[in-house]
Amino acid sequence: MTDARSAVMVATTRHPWGGVVRVGLLGGVVAVYLCLVGIVPTFAERPLISGAISLGHTALAMAAVFSGYLAARRAPAGNVQAVAAGALAGAIAGSALALLVVVGEVVDVRAVMLQASPALYDLLTLGMGLAGFWIPAVAGAVLAGAAAAVSILPSSYRLPLSWGLVAVVVLGLFAGLLRTPMLTGALSGVARFLFASDGLTPVGAVITFVVAIGTNVLQRRVLVRQRIAEMPATRRRALLAPAIVAGLLIVLVLPLSLGGFFAQVIALVALYVLMGFGLNITLGLAGLLDLGFVAFFAVGAYTVGLLTSPGEFGIAQWPFWAAIPFAALIAMAFGAFLGLPILGIRGDYLAIATLGFGEIIRILAGSDLLKQWLGGPRGILNIPKPIDVPPDHFLAGPHQIYYIALACAALVAFVAWRLRDSRLGRAWIAIREDEDVAQALGIDLVQTKLLAYMLGAAFAGLGGGIFSALVGSIVSSSIQLFVSINVVAIIIVGGMGSIPGVVVGAAFLIGVPELFRELSSYRFLFYGIALIAMMRYRPEGLLPSRIVRRELHVPDEVAAPGAPVNGSAAG
Amino acid sequence: MTGDANGTGGDVILRLEDVNTYYGRIHALQGIDLEVQRGEIVTLIGANGAGKTTALKTVSGLLHPPMGKIIFDGADVTHVAAHELVRAGIGHVPEGRRIFARLTVLENLHMGGFTRSVAERSEDLERALTLFPRLRERLSQKGGSLSGGEQQMLAIGRALMSRPRLLLLDEPSLGLSPILVQQIFELIKEINSQGMTILLVEQNALQALNVAHRGYVLQTGKIILSDTASGLAANADVRRAYLGEI
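Residues numbered from 1 in each chain as written. Chains lettered and ligands numbered in written order. Predicted model: local features only at pLDDT ≥ 70, side-chain atom pairs only at ≥ 80, totals over all residues. Heavy atoms only, no water.

(A) Seen up close, the overall build of chain A. Counting its regular elements, chain A contains 27 helices and 4 strands. The C-alpha radius of gyration of chain A comes to 27 Å, within 12% of the 25 Å expected for a compact globule of 571 residues. For chain A, the spread of C-alpha atoms along the principal axes amounts to about 70 × 70 × 50 Å. Sorting the 571 residues of chain A into buried and exposed places 47% on the buried side. (Helix = DSSP H or I, 4+ residues; strand = E, 2+ residues; numbered from the N terminus. Rg over C-alpha atoms; globule rule 2.2 N^0.38 Å. Buried < 20%, exposed > 50% of the residue type's maximum accessible area, 1.4 Å probe, protein only.)

Structural data, given as structure tokens:
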């Protein structure tokens, strides 16, 4: 820590407190921005701890905490200096808010800044108005000073404390979601005690904080990770079995106790997991960046719509189960048809060409030209559910789509996993690494690339078919470029070429934004920020595959025993 | 593929007849005639941009000549695709080594044996590792972490994994220190002594003529001279132009 701080000191040859002041000013800009774009007022309507702290306050507090943390790292050496630096930066950031209150109360700036309302000022001054303008500054100083103090504690104190705070925020965010299913079961007393209807109860927050710290400390004391790592392989495998069973129970049984909205969300997540697995073959294994994924999604969705709908555009009124293989097959045929002319294109150019296909299909789907067959913007309606059950049955809602998507995703994962270690999988990897050399080693480029593209297309078609059954209709406005972007982003955030990575990526990028629908369009702001942060600090993804990890963590390997000292130098 | 070409001697493994290759609009090879006998090392020497690499790419099918004829092992392979020529018995070590930097040494070698069955592959692997014992120590290391010399060995080993009958080597000494250059040429000689026919492209003409049996001198897409290696090494024009003598 001291080393890091002095290194920063050397880098900034200007006044030692200059960096701290800059952090404070930056924090102030961020805080004012959060207020004026409406994030703070919107978030304020959702409590984190019922009756005490709202999400809006939390957002501002987080700005202060980050300022304090960054300021402590830029402060001159010494514990007192670090805490003082945090407090100073927090005070500066808070003063910016104080200034906003004063200016706003004296001069009405609402003509320019829609969100600069008295409600916002009340929020910032805890209801005191102009008389309480000093509150943000003092609160900022206290919070940032505390954050700075925590940041210089030894990790055995710092990590449990941070962990406790994170646990309170996360549980507070998901309180409503967790409470509903618990109320119906034996846990209803606990649920009422911990959760209010709109967040944690104050007592619940304290309990969460203490329990999170306790488990973290205990885990460190008992050295869980180290012990597992030191275990013989047989015992580790014995531990794995119950973990898998628990995981399966959570995935298979838990959704049944959750409400329809949550089932809708996880059905969508499972659908994107399925499509992520599909694109993972095209992009992760064969290295073909396909931005036209939505084209095959559309083909699959319209195929199921046309074959099953009893409405005006339906042509067959088949059951879902008869139609869904055709969704995959016809999408695959489209993949072959569209793939052949463009697979000679390499790298970035292929991405642009596939992007073009996606757009062509999207526009065709909504066009007047195909309106008499596909329904144009009105689309195909009344697509039946795959399993016809009475309305009170446990599979009546989106639950059945969740299980179908889950089963298909498992199938695709199995196919992808078997393919990766196959001859074809090795051919894909060779092409991804170096096309020319792959050809010179006996790999048929056209055939191999086309197969990857067609398989990706088939799985996109499968996803589209299930999607149309989930929604019950397919309209041209569902065919969005954003579908393609989402699938690519899932793979990159999860970790290129990694199967568990896709699951994590889909949960993070599809599930979390859906759960925060009430925070309206701001969730996309956080989606963007999360993507940028991800690429900056963890480019290999959340759960990277072996090869990618190898590439991005070269130092580990050069330092490995047996590696030549002049390893990377040309001999 | 048509049958035997023009009744040439049975020991000719590769023959180029009036081969013309274009790189876009550049006429890179302008009527090349060339012959490699089974068991020989034949070298193509010449200055930068003379068409040496183009010639190798044309032989291995990465480029296709609109005019001329390529006969490999008695069959016309002029229009055969590169990946099929690997099965037919042509192994290509590309310029700049081009190993799979992110894959391990073992994975690189396995990729080389793509056209072979699993059983054949383990046998080929053993052979390659006997030839390059240093690769055995590095099997689980990633290709990009090898030194330049080791990477060259890996590139040659990878090409040998397909059990070629003709090995095309493009600038194996490129970017290596003098000691390593010496080592690589020793290895080329050894591979040849085990019965491998080699077509070698080199800028390092002196070393190439040292190991080769015969040689061709390429200049701006045309062969201007061909002789035994010792004959070329003794040729005054060659010495002046390519061996750095005044």
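(B) Here's a closer look at helix α1 (residues 52–59) of chain B. Residue and element names in this part refer to chain B. Counting buried positions along α1 yields 7 of 8 residues, so the element is predominantly enclosed. Those residues of α1 lying buried are Lys52, Thr53, Thr54, Ala55, Leu56, Thr58 and Val59. After α1 finishes, the residue Gly61 shows a positive phi value of roughly 90°.

(C) Spotlight on the pairing of strand β9 (residues 214–219) of chain B. Residues and elements named next belong to chain B. Burial within β9 is extensive, with 5 of its 6 residues counted as buried. Across 5 bridges, the pairing between strand β3 (residues 41–46) and β9 is parallel. By the bridge assignment for β9, Thr43 is matched with Gly215. Relative to strand β10 (residues 222–228), β9 runs antiparallel, the two sharing 6 bridges. (Pairing = 2+ DSSP bridges.)

(D) Region of the structure containing the sheet that holds strand β2 (residues 26–37) of chain B. Residue and element names in this part refer to chain B. Strand order in the open sheet made by the 4 strands is β2-β1-β4-β5, with antiparallel pairing throughout. Looking at the sheet topology across the chains shown, the edges are occupied by β2 and β5 (75–76). Pairing between strand β1 (residues 12–23) and β2: 9 bridges, direction antiparallel. What sits directly across from Arg15, in β2, is Glu35.

(E) Region of the structure containing the nonpolar core. Ranked by size, the top nonpolar core spans 131 residues in total, and within it Tyr272 and Ile466 of chain A carry the most contacts. Take this core: its biggest share by element is 17 residues, from helix α14 (residues 260–285) of chain A. Here this core gathers at least three residues from each of two domains, domain 1 (2–152) and domain 2 (259–555) of chain A. Ignoring anything within four residues of it in the chain, the contact list for Ile466 of chain A reads Leu271, Leu274, Phe320, Ile324, Ile401, Ile404, Ala405 and Cys408 of chain A. Membership of the second largest hydrophobic core comes to 44 residues, among which are Ile99, Val181, Ala212 and Val238 of chain B. (Core = buried A, V, L, I, M, F, W, Y, C linked by side-chain atoms within 4.5 Å. Domains from an automatic or database assignment. Contact = heavy atoms within 4.5 Å.)

(F) Local environment of the domain arrangement of chain A. Residue and element names in this part refer to chain A. Taken domain by domain, chain A comprises domain 1 (2–152) and domain 2 (259–555). Measuring from the centre of the C-alpha atoms in domain 1 to the corresponding centre in domain 2 gives 42 Å. Counting residues at the interface gives 8 residues for domain 1, matched by 6 residues for domain 2. In total, domain 1 and domain 2 occlude about 660 Å² of area from one another, counting both sides; carbon and sulfur atoms represent 72% of this. For the domain 1 face of the interface with domain 2, the top three residues by lost area are Ile39, Phe43 and Arg46, together amounting to 64%. Counting across the domain 1 and domain 2 interface gives 0 salt bridges. For the pair domain 1 and domain 2, the number of links is 0 residue pairs in polar contact (both at pLDDT 80 or more). Class assignment of the residues belonging to the side of domain 1 that touches domain 2 gives a composition of 4 nonpolar, 3 polar and 1 charged. (Buried area = accessible area lost by both parts, 1.4 Å probe. Salt bridge = Lys/Arg side-chain N within 4 Å of Asp/Glu carboxyl O. Polar contact = N/O pair within 3.5 Å; in protein donor to acceptor, adjacent residues only side chain to side chain. Nonpolar A, V, L, I, M, F, W, Y, C, P; charged D, E, K, R; others polar.)

(G) Inspection of the packing of aromatic side chains at higher detail. Summed over all chains, the structure comprises 7 aromatic pairs over all chains. For the ring pair Phe414 of chain A and Trp417 of chain A, a centre distance of 6.0 Å and an interplane angle of 50° mean the geometry is tilted. You can see Phe414 of chain A and its partner Trp417 of chain A sitting in helix α19 (residues 399–420), 3 residues apart, about one turn around the helix. Judged by its relative accessible area of 48%, Phe414 of chain A is partly exposed. In this arrangement the basic side chain of Arg418 of chain A is found over the ring face of Trp417 of chain A, its NZ or CZ atom lying 5.7 Å from the centre. Cation over ring: Arg158 of chain B sits above Phe100 of chain B, and NZ or CZ is 5.0 Å from the ring centre. (Phe/Tyr/Trp six-rings, centres within 6.5 Å; stacked < 30°, edge-to-face > 60°. Lys NZ or Arg CZ within 6 Å of the ring centre and 35° of its normal.)

(H) Highlighting the packing of helix α2 (residues 18–36) of chain A against helix α5 (residues 79–106) of chain A. Residue and element names in this part refer to chain A. Relative to each other, α2 and α5 sit at 35°, their axes nearing to 8 Å. Both α2 and α5 take part in a crossing whose hand is right-handed. Facing Val20, Val21, Val23, Gly24, Leu25, Gly27, Gly28, Ala31, Val32, Cys35 and Leu36 of α2, the residues of α5 in contact are Ala85, Leu88, Ala89, Ile92, Ala93, Ala96, Leu97 and Leu100. (Axes fitted to C-alpha atoms, helices over the stretch in contact; angles between N-to-C directions. Left-handed = near helix turned anticlockwise from the far one by under 90°.)

(I) The arrangement of the confidence of the model for chain A in detail. Residue and element names in this part refer to chain A. For chain A, the average pLDDT comes to 84, and 92% of its residues sit at 70 or higher. Between the elements of chain A, mean pLDDT differs from a low of 40, seen in helix α27 (residues 554–558), to a high of 95, seen in helix α15 (residues 293–308). Here residues 554–571 is modelled with pLDDT under 50, and outside its nearest four sequence neighbours on either side it reaches 23 contacts, counting other chains as well. (pLDDT = per-residue confidence, 0-100.)

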